Amino acid sequence: MLLCEALSRKLGRVITLDEIGLPAPPLSSKDMLGWRVDTLAALTELGRVDVDAERRRVLSTAAYSLAALTLPSDRWWSQMAERGRARGAAGGRTVSRGDVDAVHDMMSLFSRVDQRRGGGHARSAVVQYLGSDVASFLYGRYADDILRRDMFTAASELSYLAGWMAFDNGEHNVAQHYFNIAVKLAAEADNPAMAGHVLRAMAHQAIDLGHRKRALNLASASVDGERYKAAAPRERALLGVVYARALAVNGETQKAARALLRAEDDLSAATGGDDEPGRVFFFGEASLAHETACALRDTGDLAGATTQFRRSVRTRKASTFTRTHAVTLGYMGAVQARQGEIEEACATWSRALDAMEGVRSGRTREVAAEMRAILSPYRRRSVRAVRDVDARAKSYLSTFA
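Just so we're clear, the structure is a prediction, and the values are computed from it rather than from any experiment.

Q: Please clarify how the side chain of S136 should be interpreted in this entry.
A: Secondary-structure assignment places S136 in helix α7 (residues 123-138). A residue is classified by how much of its surface remains accessible, and S136, at 5% relative accessible area, is buried.

Q: Mind showing me how you'd approach the pattern of salt bridges here?
A: Side-chain pairs of opposite charge can arise whenever the charged atoms involved come near each other. All told, the structure shown has 23 salt bridges when counted by the stated rule. Among the salt bridges present, the one from R97 reaches D150, with a minimum N-O distance of 2.8 Å. Separated by 53 residues along the polypeptide, R97 in helix α6 (residues 97-117) and D150 in helix α8 (residues 145-168) bring together distant segments of the chain. With relative accessibility at 27%, the residue D150 sits in the partly exposed group.

Q: Mind showing me how you'd approach helix α18 (residues 342-355) here?
A: Given 3.6 residues to a turn, an α-helix orients residues that are three or four positions apart in the same direction. Across its 14 residues, α18 extends 20 Å between first and last C-alpha, which sits within 8% of the 20 Å expected from 1.5 Å per residue. Where α18 is concerned, the buried positions are I342, A345, C346, T348, W349, A352, L353 and A355. Lining the buried residues of α18 we find α17 (322-338), α19 (362-375) and α20 (384-398).

Q: Even after reading the chapter, I still don't get the packing of aromatic side chains, so can you show me in this structure?
A: Two descriptors summarise a pair of aromatic rings, namely the distance from one centre to the other and the angle between the planes of the rings. Following the criterion strictly, the structure yields 10 aromatic pairs and no others. Measuring from centroid to centroid gives 6.4 Å for F282 and F283, while their planes differ by 85°, and the two rings are edge-to-face. When sorted by exposure, F282 lands in the same class as F283, which is buried. Between F309 and Y331, the aromatic rings sit 6.3 Å apart at their centres with planes inclined by 65°, giving edge-to-face as the arrangement. Here F309 is found in helix α16 (residues 302-315), whereas its partner Y331 is found in helix α17, with 22 residues between them in sequence. For F309, a relative accessible area of 0% translates into the label buried. The class for Y331 is buried, based on a relative accessible area of 17%. Ring-pair connections join several aromatic residues into one group, and the members of that group are Y160, W164, F167 and F179. The ring of Y228 has R236 lying over it, and the distance from NZ or CZ to the ring centre is 4.9 Å. For the cation-ring pair, R297 lies above Y331, with the distance from its terminal atom to the ring centre recorded as 5.2 Å.

Q: Looking at this model, I keep getting lost on the side chain of K184. Mind explaining?
A: Tracing the chain through its elements places K184 in helix α9 (residues 172-188). The side chain of K184 is buried and forms no salt bridge, while E188, the nearest opposite charge, is found at 8.8 Å. Within the structure, K184 has its side chain in polar contact with the side chain of N180 (distance 2.7 Å). Excluding anything up to four places from it in sequence, K184 contacts M32, L33, G34, W35, V37, T39, W76 and M80.

Q: For this particular structure, what's the right way to read the packing of helix α10 (residues 192-208) against helix α11 (residues 212-222)?
A: Two measures define how a pair of helices packs: the angle their axes make with one another and the distance between the axes. The N-to-C vectors of α10 and α11 enclose an angle of 160°; their axes lie 8 Å apart at closest approach. Judged by the angle between their axes, α10 and α11 are roughly antiparallel. The handedness of the crossing between α10 and α11 comes out as left-handed. Residue-level contacts link G196, L199, R200, M202, A203, A206 and I207 of α10 to A215, L218, A219, A221 and S222 of α11. The class makeup of the residues in the contact of α10 with α11 is nine nonpolar, two polar and one charged.

Q: Whenever I open this one, the packing of α7 against α8 confuses me. Can you help?
A: Two elements in contact, α7 and α8, have axes whose closest approach is 10 Å; the angle formed by their N-to-C orientations is 160°. Between α7 and α8, the angle is such that the two are roughly antiparallel. Considering only the axes of α7 and α8, their crossing is left-handed. Between α7 and α8, the contacting residues are R123, V126, V127, Y129, L130, V134, F137 and L138 on the first element and M151, F152, A155, L158, S159, A162, M165 and A166 on the second. Taken together, the residues of the contact of α7 with α8 break down into 14 nonpolar, one polar and one charged.

Q: Quick question: what am I supposed to make of α11 here?
A: Along α11, the positions that sit buried rather than exposed are A215, L216, L218, A219, A221 and S222. For α11, the elements touching its buried residues are α10, α12 (226-229) and α13 (233-249).

Q: Explain the nonpolar core here, please?
A: Counting 94 residues, the largest nonpolar core has Y160 and F179 as the members making the most contacts within it. With 13 residues, the top contributor of residues to this core is α8. With sequence-adjacent residues up to four places away left out, Y160 is seen in contact with M107, F179, A182, M194, H197, V198, R200 and A201. By size, the runner-up hydrophobic cluster in this structure holds 33 residues, among which are C294, A334, A345 and A352.

Parameters at a glance
Throughout, a residue's number is its position along its own chain's written sequence, starting from 1. The predicted nature of this model means local features are confined to residues of pLDDT at least 70 and side-chain atom pairs, given and counted, to a pLDDT of 80 or more, with totals for whole chains, interfaces and linings taken over all residues. Where side-chain values are given, they derive from all heavy atoms of the structure, hydrogens and water being excluded. Think of it this way: any DSSP run of H or I at least four residues long counts as a helix, any run of E at least two long counts as a strand, and we number them from the N terminus. Using a 1.4 Å probe on the protein chains alone, a residue whose accessible area is under 20% of its type maximum counts as buried, one over 50% counts as exposed, and one in between counts as partly exposed. Put simply, a salt bridge is a Lys or Arg side-chain nitrogen that is within 4 Å of an Asp or Glu carboxyl oxygen. What a helix should span is 1.5 Å times the count of its residues minus one. In what follows, residue pairs with any heavy atoms lying within 4.5 Å of each other are defined as contacts. Working definition: rings of Phe, Tyr and Trp (its six-membered ring) pair if their centres are within 6.5 Å, and the pair is stacked with planes under 30 degrees apart, edge-to-face with planes over 60 apart, and tilted otherwise. Criterion for a charge above a ring: Arg CZ or Lys NZ at most 6 Å from the ring centre, at most 35 degrees from the ring normal. We count Lys and Arg on the positive side and Asp and Glu on the negative side, and we leave His and both chain ends out. Nitrogen and oxygen atoms within 3.5 Å of one another constitute a polar contact, given that in protein one can donate a hydrogen and the other can accept it, and given that sequence-neighbouring residues count only through two side-chain atoms. Axis geometry follows a simple rule: fit a line to the C-alpha atoms, using only the stretch in contact for helices, then measure angles between N-to-C directions, giving values from 0 to 180 degrees. Each angle gets one of four labels, with under 35 degrees taken as roughly parallel, over 145 as roughly antiparallel, 65 to 115 as roughly perpendicular, and the rest as oblique. Crossing handedness follows the turn of the near helix against the far one: under a right angle anticlockwise gives a left-handed crossing, and clockwise gives a right-handed one. The classification used treats Ala, Val, Leu, Ile, Met, Phe, Trp, Tyr, Cys and Pro as nonpolar, Asp, Glu, Lys and Arg as charged, and all other residues, Gly among them, as polar. Here, nonpolar core means buried Ala, Val, Leu, Ile, Met, Phe, Trp, Tyr and Cys residues that are tied together by side-chain atoms lying within 4.5 Å of each other.

Written out as structure tokens, the structure is:
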């Protein structure tokens, strides 16, 4: 592995053991998730797995690792920053500011596709770009450490996006691997705000998968110390509202309420501009309202949740953030159904299904499946709205078969 890294630096591209005629020891899923494994070695291996159909199938069907949610010690973070500073001193291609800007441009492009069409679109393109062009930059030579840190942060953002798209598409073990590498890259960049951004995503995933205590541990880490302090106000609001959700699912209702108020205050302080990282472009009033509604729903405040879901739907630009718009409508319909308002829920779900046209997302699939499950007891009552929504949800789900 050291020989590969030396050659990669000299030639300015990723060199694998296969290319130099040496057998590559396979890294298991557990190996790649280890906090001590070399960041770039893990990224290279994961990229190779993800573009190989058979190996990717194995990775996709492997179990989501609860052990990997235990975060390393404070000392690990400082060691990773030191390791990062040791990179880029010699060998490899010369990396310019323009290269960093190019990675940000690609990140922006892929992020907008994800927001509109879901994680099932274009993820393979993200993975290939990350594992080829971006990986070669990471092995490169930098004029100064500021430039290196910016490139490692950009790579962390792209690895986070690959993970988020996999998470959105229901590929949870794959997502966990990319989140894990994104944390490592952020640590090597010595960028606590970026690390907090990824830990927030990991907490969100753990909430959705029902791992409540671990979700709270991750969310607490995301808002701890410099991860919160170094973040821009918009990002602080994002970290804070997911922290509130983690508190809510753990029954910490009063703490959740305080966290929601702080997130509101943080978003109110956001002004946009050059000092705000592009990775939070999607987070505004509509997203805050969506997450707030989820927290209220999880504490049993269904009326409050409905109000916030309506606020989210009203303030979101649906043509740009189509996937989340569909999910919000789906969640709102489920809350209305829980309140006994079946016909109103069907009207909301009909709008959700309209928005799902052309969206490929595990979360929209889950929403459609939940519609059918909730409507199951009503199918024999010959209610037209129930029949129509059930048929449309069934048709949507069939497109993923």
